[in-house]
Structure formats: C-alpha cells, structure tokens
Amino acid sequence: MARTEGDTWDLASSVGATATSVAATRALASRGPDPLIDDPYAAALVEAVGLPHFIKVANGELGDEADPLFGAQQMREHIAVRTRFFDDFFTAAGHQRIRQAVILASGLDTRAYRLPWADGSVVFEIDQPAVIDFKTRVLAEAGATPAAGRATVGIDLRDNWPKALRENGFDPSQPTAWIAEGLLIYLPPDAQDRLLDNITSLSAPGSLLATEHMDAKALTGDWAKELSDRGRRYGSDIDLTELFYSGPRTSASDHLRGQGWQVTVLTNAEAYAANGFEPPNDQLAVMVGDSGYLSARLG
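Residues numbered from 1 in each chain as written. Predicted model: local features only at pLDDT ≥ 70, side-chain atom pairs only at ≥ 80, totals over all residues. Heavy atoms only, no water.

Caption draft 1: Looking closely at helix α4 (residues 72–95). For α4, which comprises 24 residues, the first-to-last C-alpha distance of 34 Å matches the rise-based estimate of 34 Å (1.5 Å per residue) to within 8%. Phi turns positive, to about 70 degrees, at R97, one or two residues after α4. (Helix = DSSP H or I, 4+ residues; strand = E, 2+ residues; numbered from the N terminus. Expected span 1.5 Å × (residues − 1).)

Pasting the structure below:
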C-alpha cells in the first residue's frame, strides 16, 4: 500500500516492516564464528514480530546462489558498514563528553542496550508508542537491560515530537548526538527539511548528527524496485517503491550547511574500504550512485 498522509503501521507492515528487515539483517551479520557485527538481541526481536521471510533471513537460511544482486554476503557487508558507522558515531560522541543521545525513528535499534556508553549517558528513543512498547517488552522478557539511561518517547515524528522530547527530560542546553538511520527517504522533502530544522533548534553548540547521504540516483526508486522484486522471490511482500518518497529534494548536507552545521560525507566506497571490504561494484551500487553516510557538527 502506497504511503498516505497520516498512515499508520506496525512492525509487520509498511514502514514498520522495514525496521524488522534491518533487524533481521543485523541478526544475520551477527551469526557465525567470526561475525561482522554483534547484535545479540536482533534475532529475538525478529522472532517476536513473526514474519516468516525475515525469520529466515535472521537465521541465515537465504543464500547467495539464487540471486547475485544482493545475496547473503552482500547483505552482511552492507549492514556491517551501516551499523558500524552509527555505532562508531555514538562511541566517538561519548569520547567527546557528549552524554545525551537521540535515536530518531528508533524502531528495533538496540544501541541503548549493546553499546559501551559512558557513565551518565542518557539515550532517548523516539518512535510510535506501539513500536517502543513492543521492543521494551521483548527485550525485558529476553533479560536484556539498557547499558545507559534509556528514555522512551512514544510519538509519531509527524507530531510535535520536540515538545514530547523535552517533556521526557531532554535538555536542549546540552550538546546532543543525534542519529537518523534509514529515515530520510521515508519522509517527503518538506518533512525532511522540518526534521532537520527541529534538530537544529534543539541542538546546543557542539552537537553532532549522523544520517545517510543520498545521491540523486538513490532517489529514483529503481534500486528499490530491484530489492522489492528480489524480496518477493524469497517470500517478502514489501514493495519499497510504495514506501519511499523518491524524486528531487534538497540534500541533507546542503540543508544542514545552511543551518550552520559543518558536514562531512563518507561515500559507500570509502565506508566499505574503512571496514576492510571491497567497495561494492555491482548493479545495486550503480543504481544508488555516490551515496554514503553523513556526519555533522553544529558550530
């Protein structure tokens, strides 16, 4: 079903199912004797959602043979690069004495539980109430406890989330580390700009932000169709082309620079090389262009 204004979802449908997909891939990359990353909670979350396709992904039951476009090894390397970028971002922020972190559209993100947070750190997770409640319950039943102060803010990002964030203890006078992982492409262009403006208005000098950098090619929807077609061959019914807002938009890097942020872009090829992987050189890499990861500092 295509996106509409005010649409809703859970972790088994629409945008919510993409959060389950990402968690399944993190579980896949955490498997084996020499895993690429370590997310000890992802598999339990995927099992609790209950979608058979993603359970198969998490359990390593889908191989490379049937589809060379984006097989298991490509999935492992992609999620390892992505996960390590945002993990390292938060770790570096802690080394810079930033003790306030915000995860926007937190979904099934488990960083509040699995990263080595500095003493006194507080992690704010923002997502729809049902998503927050589900994750909190499943992880508690699995015996997981947060590794930092964890403050949950159950609200849709289309509502007045800055007010809700402040009401839950957020201090805008203190530097903050923000991440918007896998989020911007699910927002219309004007909503993306409003989100970045709200982040800026809540950020003290020295605050940090990390998100994806999207090349213009990544906004055409062609790659989303290829991945959706592959997913259907393996039993998934998610059509990414109906969930993304493709087409022209102001790049996050340009918008943030206009708001006084110092921006650094790490291309996909650079990010892969930094993790010891061969940069992707396949059909999918061509379709997403010179995309990658963005980090920024205010002031």
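Further notes follow.
Caption draft 2: Representation of unusual backbone geometry. With phi around 70 degrees, R97 is a residue other than glycine that occupies positive phi space. Mapped onto the elements, R97 comes out in the loop between α4 and β1 (100–104).

Caption draft 3: Structural context of empty space enclosed by the protein. A complete count under the given rule lists 1 cavity of 30 Å³ or more for this structure. Empty space within the largest cavity amounts to approximately 30 Å³. As for the largest cavity, its lining consists of F90, A93, G94, I98, Q100, A101, W117, S121 and A177. When grouped by side-chain class, the residues that make up the lining of the largest cavity number 6 nonpolar, 3 polar and no charged. (1 Å grid on protein atoms, 1.4 Å probe; cavity = no way out; pocket = protein on both sides within 12 Å on 5 of 7 lines; lining within 4 Å. Points joined across faces, edges and corners; volume = space filled by probe spheres on them. Nonpolar A, V, L, I, M, F, W, Y, C, P; charged D, E, K, R; others polar.)

Caption draft 4: Structural detail: the pattern of salt bridges. This model, assessed by the stated rule, comprises 15 salt bridges. Its salt-bridge partner being D109, residue R111 comes within 2.5 Å of it at the nearest N-O pair. Taking the relative accessible area as the measure of exposure, R111 reaches 2% and is therefore buried. The closest approach of N and O atoms between D254 and R257, which form a salt bridge, is 3.8 Å. You can see D254 and its partner R257 sitting in helix α10 (residues 252–258), 3 residues apart, about one turn around the helix. By relative accessible area, which is 42% here, R257 ends up partly exposed. Through salt bridges that share partners, R26, D39, R82, D87, D109, R111, R114, E181 and E212 make up one connected network. (Salt bridge = Lys/Arg side-chain N within 4 Å of Asp/Glu carboxyl O. Buried < 20%, exposed > 50% of the residue type's maximum accessible area, 1.4 Å probe, protein only.)

Caption draft 5: Region of the structure containing the pairing of strand β3 (residues 149–154). Both strand β2 (residues 122–127) and β3 contribute to a ladder of 6 bridges, which runs parallel. Bridge pairing in β3 links F124 to A151. (Pairing = 2+ DSSP bridges.)

Caption draft 6: Seen up close, the packing of helix α2 (residues 42–49) against helix α6 (residues 129–141). One can describe the packing of α2 onto α6 by two numbers: an axis separation of 10 Å at closest approach and a directional angle of 120 degrees. One finds that α2 runs oblique with respect to α6. Two packed elements cross with a definite hand, and for α2 against α6 that hand is right-handed. From α2, A44, L45, A48 and V49 reach across to α6, where they touch F134, K135, V138 and L139. Of the residues that constitute the contact of α2 with α6, the class distribution is 7 nonpolar, no polar and 1 charged. (Axes fitted to C-alpha atoms, helices over the stretch in contact; angles between N-to-C directions. Parallel < 35°, antiparallel > 145°, perpendicular 65-115°, else oblique. Left-handed = near helix turned anticlockwise from the far one by under 90°. Contact = heavy atoms within 4.5 Å.)

Caption draft 7: Quick look at the packing of aromatic side chains. In this structure the tally under the stated criterion is 10 aromatic pairs. Aromatic pair Y41 and Y113: ring centres 6.1 Å apart, planes at 65 degrees, arrangement edge-to-face. Taken as a pair, Y41 in the loop between α1 (14–29) and α2 and Y113 in helix α5 (residues 111–114) lie far apart in primary sequence, 72 residues in all. For the pair Y41 and Y113, one class covers both residues: buried. With a centroid separation of 5.6 Å and an interplanar angle of 55 degrees, the aromatic rings of F170 and W178 are classed as tilted. Residue F170 is classed as buried on the basis of its relative accessible area, which comes to 4%. An aromatic cluster is defined as three or more aromatic residues linked by ring pairs; in this entry it consists of F124, W161, F170 and W178. (Phe/Tyr/Trp six-rings, centres within 6.5 Å; stacked < 30°, edge-to-face > 60°.)

Caption draft 8: Up close: the sheet that holds strand β6 (residues 261–267). One open sheet holds the 7 strands; their spatial order is β3-β2-β1-β4-β5-β7-β6, and the pairing between them is mixed. The open sheet has two edge strands, β3 and β6, and neither has a second partner. Ignoring strand direction, the axes of neighbouring strands in this sheet form an average angle of 20 degrees. Judged from the 6 bridges that link them, strand β5 (residues 208–213) and strand β7 (residues 292–298) form a sheet pairing that is antiparallel. Residue pairing for β7: H213 is matched across the bridge by G292. Lying on the sheet, α4 is in contact with β1, β4 (177–180), β5, β6 and β7; it crosses β5 at an angle near 165 degrees.

Caption draft 9: Representation of the side chain of S121 in the model. Summarising the element assignment, S121 is placed in the loop between α5 and β2. Those residues in contact with S121 that sit more than four places away from it in its chain are R99, A148 and G149.

Caption draft 10: Main features of the environment of K163. Position of K163 among the secondary structure elements: in helix α7 (residues 161–167). Its relative accessible area of 40% is what places K163 among the partly exposed residues. At a separation of 2.5 Å, a polar atom in the side chain of K163 contacts the side chain of E167. (Polar contact = N/O pair within 3.5 Å; in protein donor to acceptor, adjacent residues only side chain to side chain.)

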